[in-house]
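The primary structure of each chain is shown beneath.
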Amino acid sequence: KYHILPLGGDRLELDEKKFDEINLFYIGIIYGRNIYQTVEGLSIFKQKNNSIPVRYHIVGYGNPDDEKRLHDDIERFNLRDVVTFHGRKNHEEAMELFRQCNVGVVYIPVTIGFTVQPTTKLYEYLLSGMAVIATNTLENKLAVTSEAGVLIEDTALSFARGMEEIWEKRTTYNSKEIKTAYSSSSWDNIVKDNLELYLEQIIDII
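What you are looking at is a predicted structure, and each value in this text was computed from that prediction instead of being measured. (Residues numbered from 1 in each chain as written. Predicted model: local features only at pLDDT ≥ 70, side-chain atom pairs only at ≥ 80, totals over all residues. Heavy atoms only, no water.)

1. Points about the packing of aromatic side chains
At step 1: Under the counting rule described, the total for this entry stands at 5 aromatic pairs.
At step 2: Arranged with centres 5.6 Å apart and planes meeting at 55°, the rings of Phe19 and Tyr173 form a pair that is tilted. With Phe19 in the segment before β1 (22-29) and Tyr173 in the loop between α7 (156-168) and α8 (175-181), this residue pair connects regions lying 154 residues apart in the sequence. Residue Phe19 shares its accessibility class with Tyr173, and that shared class is buried.
At step 3: Taken together, the ring pairs connect Phe25, Phe98 and Tyr125 into an aromatic cluster.
At step 4: Sitting above the plane of the Tyr36 ring, Arg69 keeps its charged end 3.8 Å from the centroid.
At step 5: In this structure, Arg170 packs its charged tip against the face of Trp167, placed 3.9 Å from the ring centre. (Phe/Tyr/Trp six-rings, centres within 6.5 Å; stacked < 30°, edge-to-face > 60°. Helix = DSSP H or I, 4+ residues; strand = E, 2+ residues; numbered from the N terminus. Buried < 20%, exposed > 50% of the residue type's maximum accessible area, 1.4 Å probe, protein only. Lys NZ or Arg CZ within 6 Å of the ring centre and 35° of its normal.)

Listed below in structure tokens is the structure:
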């Protein structure tokens with residue numbers, strides 16, 4: 001017998017986001033996630049849409065090869081003024097980027113090992129009022145609505161197209177409504193509305 005708790009994220013008390021520019025944010029492990037493909041995708045996007053204001057902040061760490069590939073691609077695509085790879089950040093430092101950015105990147109390879117794995121960063125972005133660009137894994141497909149972001153394949157070209165879709169839909173995103181729609185996925189609501197009820201049932205049985 002078992003009880004499955006859903007994944008969630010912290011409720012972040014931040015100002016509502018505006019979507020008159022694209023400020024991308026990725027936070028998480030770099031190893032095995034192919035984040036360098038998002039840098040190439042951003043380069044493809046900028047070739048067609050150079051007048052659209054874009055920034056991309058990447059926070060995380062991986063093995064030396066993964067980090068070198070990321071640095072090299074930022075240089076190769078001449079994006080050093082657009083993309084910042086911060087490396088590790090503490091909680092307060094990361095919170096400042098949650099405040100600045102308005103589009104969360106949930107770039108997970110669409111593989112057997114990853115497709116059924118939900119991710120905390122998805123809910124952290126949504127609970128902060130961001131829209132998201134998320135790869136089309138099974139769990140992301142179940143969670144991401146058209147009002148909250150776009151689903152893409154795990155390729156550079158698809159990431160570029162996802163950015164274009166985000167930009168085309170920018171006037172339809174409402175930061176406050178995104179937060180409200182996903183409020184049940186905050187850790188405090190999961191504890192109150194799910195875990196506590198389950199524990200009470202166990203106590204009653206005992």
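2. So, the packing of helix α1 (residues 36-48) against α7
At step 1: The geometry of α1 relative to α7 is characterised by a closest axis approach of 7 Å and an angle of 55° between their N-to-C directions. Relative to α7, the element α1 lies oblique. Remark: the crossing between α1 and α7 carries right-handed chirality. Residues Gln37, Thr38, Glu40, Gly41, Leu42, Ile44, Phe45 and Lys48 of α1 form the contact with α7, whose participating residues are Ala156, Leu157, Phe159, Ala160, Met163 and Glu164. (Axes fitted to C-alpha atoms, helices over the stretch in contact; angles between N-to-C directions. Parallel < 35°, antiparallel > 145°, perpendicular 65-115°, else oblique. Left-handed = near helix turned anticlockwise from the far one by under 90°. Contact = heavy atoms within 4.5 Å.)

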